[in-house]
Amino acid sequence: EKGGYDSFMEKEINEQPKAVEETLLGRTDAEGRLALDELRIDPEELKNTSKIIVLACGTAAYAGQVAKYAIEHWTRIPVEVELAHEFRYRDPIIDETTLVVSISQSGETMDTLMAVRYAKEQGARTLAICNTNGSTIPRESDAVLYLHAGPEIAVASTKAFLAMVTASYLLGLYLGQLRGQLFTGQIKDILADLHSIPSKIQSILDNADQIKDLARRMADTPSVLFLGRHVGFPVAMEGALKLKELAYIHAEGFAAGELKHGPIALIEEGQPVFVVVPSPHGRHSLHSKVVSNIQEVRARGAKTITVAEDGDDAVREFSETVFHVPETQPLLMPLLTTVPLQIFACALAAEKGYDVDQPRNLAKSVTVE
Ligand code: F6R
(Lines give C-alpha, C1' and ligand atoms only; values in the text may rest on other atoms or scores of the structure.)
Protein backbone atom coordinates (compact mmCIF):
# COMPACT_ATOMS: atom_id res chain seq x y z
CA GLU A 1 0.00 0.00 0.00
CA LYS A 2 2.99 2.29 0.50
CA GLY A 3 4.03 1.48 -3.05
CA GLY A 4 7.51 0.35 -2.04
CA TYR A 5 8.25 3.44 0.03
CA ASP A 6 9.09 3.37 3.74
CA SER A 7 6.24 5.69 4.63
CA PHE A 8 3.09 7.22 3.20
CA MET A 9 4.76 10.58 3.49
CA GLU A 10 7.61 9.51 1.24
CA LYS A 11 5.09 8.05 -1.17
CA GLU A 12 3.07 11.26 -1.17
CA ILE A 13 6.15 13.43 -1.67
CA ASN A 14 6.93 11.29 -4.69
CA GLU A 15 3.36 11.57 -5.97
CA GLN A 16 3.66 15.33 -6.26
CA PRO A 17 4.30 15.51 -10.01
CA LYS A 18 1.06 13.57 -10.48
CA ALA A 19 -0.83 15.63 -7.90
CA VAL A 20 0.01 18.91 -9.64
CA GLU A 21 -0.85 17.37 -13.00
CA GLU A 22 -4.24 16.18 -11.73
CA THR A 23 -5.02 19.59 -10.27
CA LEU A 24 -4.33 21.20 -13.65
CA LEU A 25 -6.25 18.60 -15.62
CA GLY A 26 -9.42 19.64 -17.44
CA ARG A 27 -9.36 23.25 -16.31
CA THR A 28 -8.95 24.83 -19.74
CA ASP A 29 -11.20 24.97 -22.82
CA ALA A 30 -10.26 24.27 -26.44
CA GLU A 31 -8.96 27.84 -26.84
CA GLY A 32 -6.63 27.42 -23.88
CA ARG A 33 -8.67 29.73 -21.64
CA LEU A 34 -9.41 28.87 -18.04
CA ALA A 35 -12.79 27.16 -17.72
CA LEU A 36 -13.73 26.61 -14.10
CA ASP A 37 -17.37 25.75 -14.83
CA GLU A 38 -17.54 23.70 -11.67
CA LEU A 39 -17.38 26.90 -9.61
CA ARG A 40 -21.16 27.47 -9.49
CA ILE A 41 -20.85 31.17 -8.69
CA ASP A 42 -22.14 33.54 -11.36
CA PRO A 43 -19.04 34.74 -13.26
CA GLU A 44 -20.47 38.30 -13.22
CA GLU A 45 -20.55 38.15 -9.46
CA LEU A 46 -17.02 36.78 -9.27
CA LYS A 47 -15.84 39.47 -11.62
CA ASN A 48 -17.09 42.14 -9.24
CA THR A 49 -15.21 40.76 -6.26
CA SER A 50 -13.86 43.70 -4.28
CA LYS A 51 -11.74 41.75 -1.86
CA ILE A 52 -10.63 38.17 -1.26
CA ILE A 53 -10.12 36.74 2.20
CA VAL A 54 -8.28 33.42 2.33
CA LEU A 55 -9.02 31.32 5.42
CA ALA A 56 -7.04 28.24 6.41
CA CYS A 57 -4.86 26.69 9.11
CA GLY A 58 -1.32 25.33 9.19
CA THR A 59 0.14 24.23 5.89
CA ALA A 60 -3.04 25.25 4.05
CA ALA A 61 -2.58 28.80 5.38
CA TYR A 62 0.93 28.87 3.92
CA ALA A 63 -0.58 27.86 0.58
CA GLY A 64 -2.91 30.83 1.09
CA GLN A 65 0.05 33.15 1.61
CA VAL A 66 1.55 32.01 -1.67
CA ALA A 67 -1.86 32.54 -3.30
CA LYS A 68 -1.93 36.15 -2.12
CA TYR A 69 1.19 37.07 -4.10
CA ALA A 70 -0.11 35.47 -7.29
CA ILE A 71 -3.77 36.51 -7.09
CA GLU A 72 -3.01 40.15 -6.27
CA HIS A 73 -0.46 40.30 -9.06
CA TRP A 74 -2.74 38.77 -11.67
CA THR A 75 -6.09 40.28 -10.69
CA ARG A 76 -5.36 43.49 -8.73
CA ILE A 77 -7.98 42.31 -6.21
CA PRO A 78 -6.74 42.85 -2.64
CA VAL A 79 -6.18 39.53 -0.86
CA GLU A 80 -6.00 39.05 2.90
CA VAL A 81 -4.87 35.75 4.34
CA GLU A 82 -6.02 34.90 7.80
CA LEU A 83 -5.69 31.95 10.11
CA ALA A 84 -9.25 30.66 10.29
CA HIS A 85 -9.27 30.52 14.10
CA GLU A 86 -8.36 34.23 14.36
CA PHE A 87 -10.85 35.43 11.77
CA ARG A 88 -14.11 35.42 13.70
CA TYR A 89 -12.68 37.19 16.68
CA ARG A 90 -11.62 40.44 15.05
CA ASP A 91 -14.86 41.85 13.61
CA PRO A 92 -13.74 41.42 9.98
CA ILE A 93 -15.08 43.71 7.25
CA ILE A 94 -17.14 41.59 4.84
CA ASP A 95 -19.98 42.17 2.37
CA GLU A 96 -21.54 40.47 -0.70
CA THR A 97 -18.60 41.57 -2.85
CA THR A 98 -16.15 39.76 -0.57
CA LEU A 99 -15.00 36.38 -1.82
CA VAL A 100 -13.95 34.14 1.05
CA VAL A 101 -11.66 31.37 -0.18
CA SER A 102 -11.11 28.54 2.28
CA ILE A 103 -8.25 26.13 1.74
CA SER A 104 -8.38 22.70 3.37
CA GLN A 105 -7.07 19.27 2.52
CA SER A 106 -9.58 17.42 4.67
CA GLY A 107 -12.52 19.79 4.29
CA GLU A 108 -13.30 18.96 7.91
CA THR A 109 -11.02 21.30 9.88
CA MET A 110 -13.37 22.76 12.48
CA ASP A 111 -11.58 26.11 12.77
CA THR A 112 -11.86 26.63 9.02
CA LEU A 113 -15.45 25.40 8.86
CA MET A 114 -16.57 27.78 11.62
CA ALA A 115 -14.85 30.69 9.87
CA VAL A 116 -16.57 29.83 6.57
CA ARG A 117 -19.95 29.66 8.31
CA TYR A 118 -19.33 33.03 9.91
CA ALA A 119 -18.33 34.57 6.55
CA LYS A 120 -21.52 33.22 4.97
CA GLU A 121 -23.64 34.69 7.74
CA GLN A 122 -22.00 38.03 7.08
CA GLY A 123 -23.05 37.81 3.42
CA ALA A 124 -19.79 36.83 1.73
CA ARG A 125 -19.52 34.45 -1.24
CA THR A 126 -17.61 31.35 -0.18
CA LEU A 127 -15.35 29.22 -2.33
CA ALA A 128 -13.63 26.09 -1.03
CA ILE A 129 -10.30 24.82 -2.32
CA CYS A 130 -10.36 21.28 -1.01
CA ASN A 131 -8.96 17.80 -1.57
CA THR A 132 -11.71 15.68 -0.08
CA ASN A 133 -14.77 15.22 -2.25
CA GLY A 134 -18.05 15.78 -0.49
CA SER A 135 -16.51 16.89 2.80
CA THR A 136 -18.21 19.46 5.00
CA ILE A 137 -16.47 22.68 4.00
CA PRO A 138 -17.13 22.31 0.25
CA ARG A 139 -20.69 21.16 0.97
CA GLU A 140 -21.37 24.32 2.93
CA SER A 141 -19.65 26.65 0.45
CA ASP A 142 -21.14 28.39 -2.59
CA ALA A 143 -18.45 26.98 -4.84
CA VAL A 144 -15.65 24.44 -4.80
CA LEU A 145 -12.40 23.85 -6.61
CA TYR A 146 -11.30 20.29 -5.89
CA LEU A 147 -7.61 19.47 -5.87
CA HIS A 148 -7.85 15.89 -7.23
CA ALA A 149 -4.50 15.18 -5.54
CA GLY A 150 -5.69 11.78 -4.34
CA PRO A 151 -5.98 10.72 -0.70
CA GLU A 152 -3.32 12.04 1.63
CA ILE A 153 -2.66 9.52 4.41
CA ALA A 154 0.43 10.90 6.18
CA VAL A 155 -0.54 13.41 8.85
CA ALA A 156 1.89 16.02 7.55
CA SER A 157 0.63 17.57 4.38
CA THR A 158 2.84 17.47 1.28
CA LYS A 159 1.15 16.75 -2.02
CA ALA A 160 -2.00 18.55 -0.92
CA PHE A 161 0.10 21.66 -0.28
CA LEU A 162 1.46 21.71 -3.82
CA ALA A 163 -2.01 21.01 -5.18
CA MET A 164 -3.48 23.87 -3.08
CA VAL A 165 -0.89 26.26 -4.43
CA THR A 166 -1.62 25.05 -7.98
CA ALA A 167 -5.38 25.45 -7.51
CA SER A 168 -4.86 28.96 -6.12
CA TYR A 169 -2.92 29.87 -9.26
CA LEU A 170 -5.80 28.56 -11.38
CA LEU A 171 -8.26 30.65 -9.40
CA GLY A 172 -6.05 33.73 -9.79
CA LEU A 173 -5.70 33.19 -13.53
CA TYR A 174 -9.44 32.65 -13.89
CA LEU A 175 -10.28 35.86 -12.02
CA GLY A 176 -7.62 37.73 -14.00
CA GLN A 177 -9.21 36.42 -17.20
CA LEU A 178 -12.75 37.35 -16.10
CA ARG A 179 -11.69 40.88 -15.24
CA GLY A 180 -9.71 41.35 -18.44
CA GLN A 181 -6.64 41.88 -16.34
CA LEU A 182 -4.68 39.13 -18.08
CA PHE A 183 -4.50 38.65 -21.85
CA THR A 184 -5.06 35.23 -23.34
CA GLY A 185 -1.40 35.11 -24.37
CA GLN A 186 -0.22 35.76 -20.83
CA ILE A 187 -2.55 33.11 -19.46
CA LYS A 188 -1.29 30.62 -22.03
CA ASP A 189 2.32 31.34 -21.07
CA ILE A 190 1.66 30.90 -17.36
CA LEU A 191 -0.34 27.71 -17.98
CA ALA A 192 2.47 26.35 -20.13
CA ASP A 193 4.88 27.01 -17.26
CA LEU A 194 2.47 25.33 -14.84
CA HIS A 195 2.26 22.29 -17.10
CA SER A 196 6.06 22.03 -17.08
CA ILE A 197 6.15 21.93 -13.26
CA PRO A 198 5.48 18.16 -12.78
CA SER A 199 8.60 17.12 -14.72
CA LYS A 200 10.62 19.74 -12.82
CA ILE A 201 9.41 18.33 -9.50
CA GLN A 202 10.38 14.90 -10.80
CA SER A 203 13.93 16.08 -11.43
CA ILE A 204 14.17 17.31 -7.82
CA LEU A 205 12.88 13.92 -6.61
CA ASP A 206 15.42 12.16 -8.80
CA ASN A 207 18.19 14.08 -7.04
CA ALA A 208 16.89 13.59 -3.50
CA ASP A 209 19.95 11.70 -2.26
CA GLN A 210 21.94 14.89 -1.67
CA ILE A 211 19.13 16.20 0.56
CA LYS A 212 18.73 12.91 2.42
CA ASP A 213 22.48 12.71 3.07
CA LEU A 214 22.46 16.16 4.60
CA ALA A 215 19.42 15.26 6.74
CA ARG A 216 21.22 12.19 8.09
CA ARG A 217 24.24 14.28 9.02
CA MET A 218 22.02 16.81 10.81
CA ALA A 219 20.04 14.40 13.00
CA ASP A 220 21.47 15.89 16.21
CA THR A 221 20.68 19.50 15.35
CA PRO A 222 18.65 21.18 18.12
CA SER A 223 17.34 24.06 16.03
CA VAL A 224 17.04 25.17 12.41
CA LEU A 225 16.09 28.56 10.98
CA PHE A 226 14.46 29.10 7.59
CA LEU A 227 14.57 32.37 5.67
CA GLY A 228 12.63 33.36 2.59
CA ARG A 229 11.34 36.41 0.85
CA HIS A 230 8.34 37.15 -1.40
CA VAL A 231 6.77 33.75 -2.22
CA GLY A 232 9.80 32.15 -0.57
CA PHE A 233 8.61 33.47 2.80
CA PRO A 234 5.65 31.07 3.15
CA VAL A 235 7.90 28.31 1.80
CA ALA A 236 10.33 29.01 4.65
CA MET A 237 7.42 28.83 7.13
CA GLU A 238 6.30 25.54 5.62
CA GLY A 239 9.83 24.12 5.78
CA ALA A 240 10.00 25.02 9.47
CA LEU A 241 6.56 23.54 10.19
CA LYS A 242 7.47 20.22 8.55
CA LEU A 243 10.60 19.98 10.67
CA LYS A 244 8.71 20.72 13.90
CA GLU A 245 5.96 18.25 13.10
CA LEU A 246 8.08 15.36 11.93
CA ALA A 247 11.47 15.63 13.58
CA TYR A 248 10.41 17.51 16.74
CA ILE A 249 13.18 20.00 16.11
CA HIS A 250 12.75 23.60 17.08
CA ALA A 251 12.42 25.41 13.77
CA GLU A 252 11.41 28.94 12.84
CA GLY A 253 10.65 30.51 9.50
CA PHE A 254 11.31 34.20 8.97
CA ALA A 255 10.94 36.75 6.24
CA ALA A 256 14.55 37.33 5.24
CA GLY A 257 13.99 41.09 5.46
CA GLU A 258 13.19 40.72 9.16
CA LEU A 259 16.59 39.31 9.95
CA LYS A 260 18.16 42.58 10.99
CA HIS A 261 15.04 43.51 12.96
CA GLY A 262 15.67 40.78 15.50
CA PRO A 263 16.21 37.17 14.45
CA ILE A 264 19.86 37.73 13.52
CA ALA A 265 20.53 37.79 17.28
CA LEU A 266 19.89 34.04 17.24
CA ILE A 267 22.79 33.33 14.93
CA GLU A 268 25.81 31.74 16.54
CA GLU A 269 28.55 29.39 15.44
CA GLY A 270 27.14 26.32 13.73
CA GLN A 271 23.46 27.41 13.64
CA PRO A 272 21.90 25.83 10.54
CA VAL A 273 20.03 28.34 8.38
CA PHE A 274 18.07 27.31 5.31
CA VAL A 275 17.58 30.09 2.80
CA VAL A 276 14.98 29.92 0.04
CA VAL A 277 16.59 32.09 -2.60
CA PRO A 278 14.42 34.05 -5.07
CA SER A 279 15.09 33.73 -8.77
CA PRO A 280 17.97 35.85 -10.03
CA HIS A 281 15.65 36.66 -12.98
CA GLY A 282 12.83 38.12 -10.88
CA ARG A 283 11.21 41.32 -12.11
CA HIS A 284 12.08 43.31 -9.02
CA SER A 285 15.09 41.28 -8.18
CA LEU A 286 15.22 40.45 -4.52
CA HIS A 287 17.93 38.00 -5.27
CA SER A 288 20.85 40.21 -4.33
CA LYS A 289 19.17 41.21 -1.06
CA VAL A 290 18.74 37.59 -0.06
CA VAL A 291 22.32 36.80 -1.09
CA SER A 292 23.39 39.60 1.32
CA ASN A 293 21.31 37.94 4.05
CA ILE A 294 23.15 34.68 3.43
CA GLN A 295 26.46 36.50 3.77
CA GLU A 296 25.29 38.23 6.97
CA VAL A 297 24.38 35.01 8.75
CA ARG A 298 27.40 33.20 7.44
CA ALA A 299 29.70 35.93 8.73
CA ARG A 300 28.26 35.16 12.17
CA GLY A 301 29.03 31.48 11.95
CA ALA A 302 25.80 30.07 10.51
CA LYS A 303 25.86 26.87 8.50
CA THR A 304 24.01 28.03 5.37
CA ILE A 305 21.95 25.68 3.26
CA THR A 306 20.37 27.28 0.23
CA VAL A 307 17.57 26.30 -2.12
CA ALA A 308 18.32 28.12 -5.35
CA GLU A 309 17.52 28.08 -9.02
CA ASP A 310 19.69 26.05 -11.40
CA GLY A 311 22.54 28.20 -12.61
CA ASP A 312 22.38 30.57 -9.64
CA ASP A 313 26.12 30.72 -9.06
CA ALA A 314 26.05 33.73 -6.76
CA VAL A 315 24.89 31.63 -3.78
CA ARG A 316 27.48 28.90 -4.12
CA GLU A 317 30.30 30.81 -2.50
CA PHE A 318 28.24 31.49 0.64
CA SER A 319 26.50 28.14 1.00
CA GLU A 320 27.72 24.98 2.69
CA THR A 321 25.18 23.11 0.63
CA VAL A 322 23.07 24.25 -2.33
CA PHE A 323 19.96 22.40 -3.43
CA HIS A 324 19.21 23.41 -6.97
CA VAL A 325 15.71 23.53 -8.40
CA PRO A 326 14.84 24.01 -12.09
CA GLU A 327 13.98 27.45 -13.39
CA THR A 328 10.38 28.66 -13.56
CA GLN A 329 8.69 32.04 -13.30
CA PRO A 330 9.19 33.66 -9.89
CA LEU A 331 5.56 33.34 -8.74
CA LEU A 332 5.54 29.60 -9.42
CA MET A 333 8.76 28.85 -7.55
CA PRO A 334 7.06 27.50 -4.36
CA LEU A 335 5.96 24.43 -6.35
CA LEU A 336 9.65 23.57 -6.62
CA THR A 337 11.43 25.13 -3.64
CA THR A 338 9.12 23.43 -1.12
CA VAL A 339 10.07 19.95 -2.27
CA PRO A 340 13.67 19.79 -0.94
CA LEU A 341 12.41 21.04 2.44
CA GLN A 342 9.80 18.26 2.62
CA ILE A 343 12.38 15.63 1.69
CA PHE A 344 14.77 17.03 4.30
CA ALA A 345 12.22 16.92 7.14
CA CYS A 346 11.02 13.44 6.21
CA ALA A 347 14.56 12.02 5.96
CA LEU A 348 15.69 13.64 9.20
CA ALA A 349 12.69 12.30 11.12
CA ALA A 350 13.25 8.83 9.67
CA GLU A 351 16.92 9.02 10.66
CA LYS A 352 15.84 9.76 14.24
CA GLY A 353 13.60 6.73 14.12
CA TYR A 354 10.32 8.64 14.36
CA ASP A 355 7.04 7.62 12.81
CA VAL A 356 6.84 10.13 9.99
CA ASP A 357 3.27 9.23 9.09
CA GLN A 358 1.89 9.63 12.60
CA PRO A 359 3.86 12.30 14.45
CA ARG A 360 3.15 12.54 18.16
CA ASN A 361 0.27 14.72 19.36
CA LEU A 362 -1.09 15.36 15.85
CA ALA A 363 -4.21 14.23 14.03
CA LYS A 364 -4.78 14.24 10.28
CA SER A 365 -7.94 16.16 10.51
CA VAL A 366 -8.56 18.54 13.39
CA THR A 367 -12.30 18.38 13.96
CA VAL A 368 -12.35 20.26 17.23
CA GLU A 369 -11.86 24.00 17.71
C1 F6R B 1 0.70 20.32 8.31
C2 F6R B 1 -0.63 19.86 8.66
C3 F6R B 1 -1.59 20.81 9.30
C4 F6R B 1 -2.78 21.00 8.38
C5 F6R B 1 -3.87 21.85 9.02
C6 F6R B 1 -5.02 22.13 8.07
O7 F6R B 1 1.50 19.33 7.79
O8 F6R B 1 -0.95 18.74 8.41
O9 F6R B 1 -0.99 22.05 9.57
O10 F6R B 1 -2.31 21.58 7.19
O11 F6R B 1 -4.35 21.22 10.16
O12 F6R B 1 -5.62 20.94 7.65
P13 F6R B 1 -6.64 20.91 6.45
O14 F6R B 1 -5.86 21.29 5.20
O15 F6R B 1 -7.17 19.53 6.38
O16 F6R B 1 -7.69 21.94 6.74
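Notes on the structure in this doc start here. (Residues numbered from 1 in each chain as written. Predicted model: local features only at pLDDT ≥ 70, side-chain atom pairs only at ≥ 80, totals over all residues. Heavy atoms only, no water.)

What follows deals with helix α9 (residues 184-195). In this model, α9 (12 residues) spans 16 Å end to end at C-alpha, consistent with the 16 Å of a helix rising 1.5 Å per residue. All of the buried residues in α9 are Ile187, Ile190, Leu191 and Leu194. Looking straight down α9, one finds that the buried residues subtend no more than 100° of arc, so they occupy a single side. Of the surrounding elements, those touching the buried residues of α9 are α2 (16-24), α4 (58-75), α8 (159-178), α10 (197-206) and α14 (334-351). (Helix = DSSP H or I, 4+ residues; strand = E, 2+ residues; numbered from the N terminus. Expected span 1.5 Å × (residues − 1). Buried < 20%, exposed > 50% of the residue type's maximum accessible area, 1.4 Å probe, protein only. Arc of directions from axis to C-beta. Contact = heavy atoms within 4.5 Å.)

Right, let's get into the sheet that holds strand β9 (residues 303-309). With respect to topology, five strands assemble into an open sheet ordered β7-β6-β8-β9-β10, the strand pairing being parallel. Unpaired on one side and paired on the other, β7 (250-255) and β10 (321-325) mark the two borders of the sheet. Across the sheet, the mean angle from the axis of one strand to that of its neighbour is 20°, orientation sign disregarded. Here strand β6 (residues 223-228) pairs with strand β8 (residues 272-276) via four bridges, running parallel. Following the sheet pairing, leucine 227 is matched in β8 by valine 275. (Pairing = 2+ DSSP bridges. Axes fitted to C-alpha atoms, helices over the stretch in contact; angles between N-to-C directions.)

Two elements, strand β1 (residues 51-56) and strand β2 (residues 79-83), share five bridges in a ladder whose sense is parallel. Its bridge partner being in β2, alanine 56 is matched across the sheet by leucine 83. Between β1 and its parallel partner β2, the chain crosses via α4, and the hand of that crossover is right-handed. (Right-handed = clockwise from strand over helix to strand, strands pointing away.)

The subject of this paragraph is the packing of aromatic side chains. By the definition in use, this model includes five aromatic pairs. The interplanar angle of 65° and the centroid separation of 5.8 Å between the aromatic rings of tryptophan 74 and tyrosine 169 together place this pair among those described as edge-to-face. Of this pair, tryptophan 74 sits in helix α4 while tyrosine 169 is found in helix α8, placing the two residues 95 residues apart along the sequence. Here the aromatic rings of tyrosine 248 and tyrosine 354 are separated by 4.5 Å at their centres, their planes lie at 35°, and the arrangement is tilted. Pair noted here: tyrosine 248 is in the loop between α12 (232-247) and β7 and tyrosine 354 is in the segment after α14, with a separation of 106 residues, a long-range link. Under the relative-accessibility criterion, tyrosine 354 is labelled partly exposed at 30%. A network of ring pairs unites the aromatic residues Phe226, Phe274 and Phe344 as a single cluster. (Phe/Tyr/Trp six-rings, centres within 6.5 Å; stacked < 30°, edge-to-face > 60°.)

Read these as layout, nothing more, since geometry by itself doesn't imply function.
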